[in-house]
Structures are given as C-alpha cells and as structure tokens.
Protein chains: 2
Amino acid sequence: MAAKRTRGVRAGLTRDQVLDAALALADREGLAGLTMRRLGAELGVEAMTLYHYVPNKTALVDGLVERIFTTAYSIGGTWREALSSYAERLRSTLLEHPAVLPVIVRPVVTQATLDAVEEMLRLLVDAGFPLGRALDSLNALTLFVIGHTSAEVAIGPDSSPEVDPDRHPLMVAAVRSGAGADDYDRFRYAVAAMLTGFDELSTGGDGRRDGTRPLH
Amino acid sequence: MAAKRTRGVRAGLTRDQVLDAALALADREGLAGLTMRRLGAELGVEAMTLYHYVPNKTALVDGLVERIFTTAYSIGGTWREALSSYAERLRSTLLEHPAVLPVIVRPVVTQATLDAVEEMLRLLVDAGFPLGRALDSLNALTLFVIGHTSAEVAIGPDSSPEVDPDRHPLMVAAVRSGAGADDYDRFRYAVAAMLTGFDELSTGGDGRRDGTRPLH
DNA sequence: GAGCGTATATTTACGCCGTAAGAATCGTCA
DNA sequence: TGACGATTCTTACGGCGTAAATATACGCTC
C-alpha cells in the first residue's frame, strides 16, 4: 500500500492523528497492545517518528484520557437532568473505550471542559448548593461513574465462587433472583441515590421544588 | 547476609511471603517498579524461582488485589454506621497501598469476604431494603470508594490550568475559597449523600413502616 | 536559482522486561 | 545406595521504551 518511507519523506501526521490511531489501536488490541512500534506501523511510520508528536508514551496515554473526557461533558435542563445525563454520557463514552479505563484515574480538567463545568456549577448554585458542595457533588459523581464503569467492563457475567446457602442465604437469594445482573439498572439506581443525597444534604430538599422526581 | 544461592539450595519461600514482598515493593517503588527480577532480588532469589509460587505476573498482581480487599471489610452497628465505616476502612486500606489502585477494578469476592457481605446485606434487608437494592447499594458504595480514592492518590495539590475569571467565575471562586481542598471532607460528604439517597430510594426515608413501595 | 537552517524520519543500539527450556542441586524414601 | 520429585539457577529469546546519531526534504533569504 503506502510507498516505503525513507528518511525525511513526510508522512503528514498530526498529533490528533496519532491520538486517533492510538485510541483505535487500544480499543482493538487492548492497552497492552498499544506500543510505540505497533502504533508507528499502524501509521506507516517508524516508532521513533512518533516522538515528534508526543514527548513519551505516558504523554500519549494522557492524551487519550483527555480526549475521552472532552467528549463526555453535556449540559442543559435542570440540575438533576444535567447531572444525570452527564453521568450517562460519561458512562457510555467510557464503555466505548474500555481499554483506556484502567488509566483513567481522574477527570483531566482542560480548557475545553471548563465551560461545561462552569455551567453545571451555575445550575447547582442556582438550585441552592453552596459553591463548595456543588464542586464536591460534581466531583463525586464523576468518580463514581469511573468506578462503576470500570467494574462493568472488568467482567462479563459473574465470576463469584461457590457460596454456601446456609452460611450466606441472602447472598444466594440475591444471586438467584438475578439481582445486580443489569449493570445499567444498577448504575441508574446509584446515580439517582447520589443526586437525591446531594439534594438533601446541600439544599435541604429545595432542589426538588421544581417537581423533578428522583427516578423514572 | 544471605549466602550466595546455588542451584537447589532452598530459600524457604512461601506464596504469602512472595505476595508480602511484592506488595511492599509496589508500595515503595510503584507498580512499574514491581518486576520479577527486582522482586526476586528482594527475596534473595532469581526471577525464575518466583514462578514456582505464582504462575505468572498477572496472577501475582491479582493476588495483591485480593489481599487488599480481604483486609478492608468491617461490620457492626446500624446499617448506616456499618456502610459508613466500611467505606472509611476500604478507603484507608487503599490509601496505604496506592500503587495497587490502578489495577483494582472490582472487589474480588472471596470466601473470606462473603461473611462480611452477608452481614451487611442482613442489616440492609432488616432496615427495609429490597434484597436487590441492598446488593446494588453495597456495590455502588464500593465502586465509589475505589473511584474516589484513585483520584485522591492520583494527585497531590492541584494541577488545574489557568482559568479565565470572566469566563469561569464560579470555578475561580470555588478554587479561591479552598473548596474541594480537603479530600477526606469531600469523601465523607459523598458517602453521606449516597447513604441518604439509598435510604430515600430504597426504604422511603426511614425504614418502610409505611409500606412505601420500593423501586423494582 | 544557490545555500542553509529546521522539521521530519529513519537507523542503530542499550538496558530493561516476562518467561520458555533445560540443567543443577537438594531432601526424602525405598 | 539409588531413584525421584521439589526447588533453584542459567541461558536465551523476542519485545519493550527511548537516547543518539544520521539522512532527507521543505521553506527561507539572498
């Protein structure tokens, strides 16, 4: 396909193209499959060439994390709707790139995301949240979504060991009834619980004056 | 100290000793510093010797995760107290071994932890939680703790970029006021919010004496 | 045009890594 | 004693991230 490269012959790459290819490669082959040599091959270029667009591999992975977050923010509606849909959007974005999850440890705050954060803070403050609690709430919600989605991805069905029904009757009953089988249902329940808790603790329940209901 | 090893001269290791040393090494040097060669050196043994106690490096890391979880469970008191202190214990255990956090994606359910889980479920069910929601609540709380603690560890102070006070006044005000600076405070706020939300959504506020129909 | 600096790519090489294969030594039991 | 299994070391292989040096091509000034 591509003519063989020789020194100095431009490949016409950009940092964005490198990141795109890196994300695609990680999605396809897993995080361990993302190596500089393979990424280079993917782009028709030697590994060392990539170091002109990225200082080192750590920075490349950081770039992936940032990219994922900048596509996840969303706003609009009441504060409950905004936070709820933000949580769902973040979850689905993360699920699209499960390979990157292990290295996502915190929301990377970039210029691109600040606008959305600012608007969410505005919604919360207008609803009666003290400013500090508004920030805390946003933070906690994000961290929960990351944790939950990580667990969703980490396993398909269930890998629990054998359980003694006499010693652990509730465990057995819960598993038998299929409880916890639906990740998305569990996710929505937990998000609703967090939002309800935020409301109660930070506005004394005022936030629901507009008639918004916690779930469904 | 230790005389030089020769072939066949026993070092008297056990799997537990290997895991102990691995955890200590990871805590001291970071996850990337945990290599088979270095771990071997730590134990006065060649790298390949470790493969008699552990099938491969992945299994070794899995062993670390399991070990951390089995020491984190705790129970007692009301359901709120139990879940709250469980969250705190898990957090502090994770903080003691921050290097392992990136590979903790899910609570490893082992025989050792089942008793504690069963008792927590009992507390929740007695308080009026539908069984499925009890399990969901426990799960959500665990995942939140993992996510939150990961973020705590991932950063010391703050590395936010420069923020334009005109575009993002709330952001600036929040940071200036020192909001979100205290990780532990933020953690407790979020846990309290979750518990309040669980209560509201799963028992109707304070124990299902009114027969409120729970979700599900 | 000619000449030259700068950006872009490659080549080569070094020291790590996980681990497969096989040889060496030990304790134990017949 | 001799055989055997358990334990350890030695050697080796392919792959990794990346430092250093080198080669090519484009865009600028004259």
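As the structure is a computational prediction, the values presented were derived from the model and not from experiment. (Residues numbered from 1 in each chain as written. Chains lettered and ligands numbered in written order. Predicted model: local features only at pLDDT ≥ 70, side-chain atom pairs only at ≥ 80, totals over all residues.)

Draft legend 1. How the structure looks around the domain arrangement of chain A. Residues and elements named next belong to chain A. By domain assignment, chain A separates into domain 1 (15-54) and domain 2 (73-208). Opposite the five residues of domain 1 that make contact, domain 2 presents four residues. Classifying every residue of the side of domain 1 that touches domain 2 by side-chain character gives three nonpolar, one polar and one charged. (Domains from an automatic or database assignment. Contact = placed C-beta atoms within 7 Å. Nonpolar A, V, L, I, M, F, W, Y, C, P; charged D, E, K, R; others polar.)

Draft legend 2. Main features of the nonpolar core. Phe144(A), Met194(A), Phe144(B) and Met194(B) are the most contacted members of the largest nonpolar core, which has 100 residues in total. Once you skip the residues sitting within four places of it in the chain, Met194(A) turns out to touch Ala140(A), Leu141(A), Phe144(A), Ala193(B), Met194(B) and Gly197(B). (Core = buried A, V, L, I, M, F, W, Y, C linked by C-beta atoms within 7 Å. Buried ≥ 20, exposed ≤ 12 C-beta atoms within 10 Å, placed from the backbone.)

Draft legend 3. Region of the structure containing helix α1 (residues 15-29) of chain B. Residues and elements named next belong to chain B. For α1, which comprises 15 residues, the first-to-last C-alpha distance of 21 Å matches the rise-based estimate of 21 Å (1.5 Å per residue) to within 8%. Inspection of α1 places Val18, Ala22, Leu25 and Ala26 among the buried residues, and these make up the whole buried set. Buried positions in α1, seen along its axis, are confined to an arc of 100° and lie on one side of it. Away from its buried face, by an angle of more than 90 degrees, α1 presents the exposed residues Asp16 and Arg28. Residues of α1 that are buried make contact with α2 (36-42) and α3 (57-70). (Helix = DSSP H or I, 4+ residues; strand = E, 2+ residues; numbered from the N terminus. Expected span 1.5 Å × (residues − 1). Arc of directions from axis to C-beta.)

Draft legend 4. Structural detail: the packing of α1(B) against α3(B). Residue and element names in this part refer to chain B. The interhelical angle for the contact between α1 and α3, taken along N-to-C directions, is 85°, at an axis separation of 10 Å. Here α1 lies roughly perpendicular to α3, going by the angle between them. Between α1, through Leu19, Ala22, Leu23 and Ala26, and α3, the contact on the second element is made entirely by Leu60, Gly63, Leu64 and Arg67. Split by residue class, the contact of α1 with α3 holds six nonpolar, one polar and one charged. (Axes fitted to C-alpha atoms, helices over the stretch in contact; angles between N-to-C directions. Parallel < 35°, antiparallel > 145°, perpendicular 65-115°, else oblique.)

Draft legend 5. Representation of helix α3 (residues 57-70) of chain A. Across its 14 residues, α3(A) extends 20 Å between first and last C-alpha, which sits within 8% of the 20 Å expected from 1.5 Å per residue. Turning to α3(A), its buried residues number three or more, namely Leu60(A), Leu64(A), Arg67(A), Ile68(A) and Phe69(A).

Draft legend 6. Looking closely at the environment of Arg89(B). Residues and elements named next belong to chain B. Looking at the element boundaries, Arg89 is found in helix α4 (residues 79-96). A tally of 16 C-beta atoms within 10 Å means that Arg89 is categorised as partly exposed. Sequence separation between Arg89 and Thr71 is 18 residues, and the spatial gap between their C-alpha atoms is 8.9 Å.

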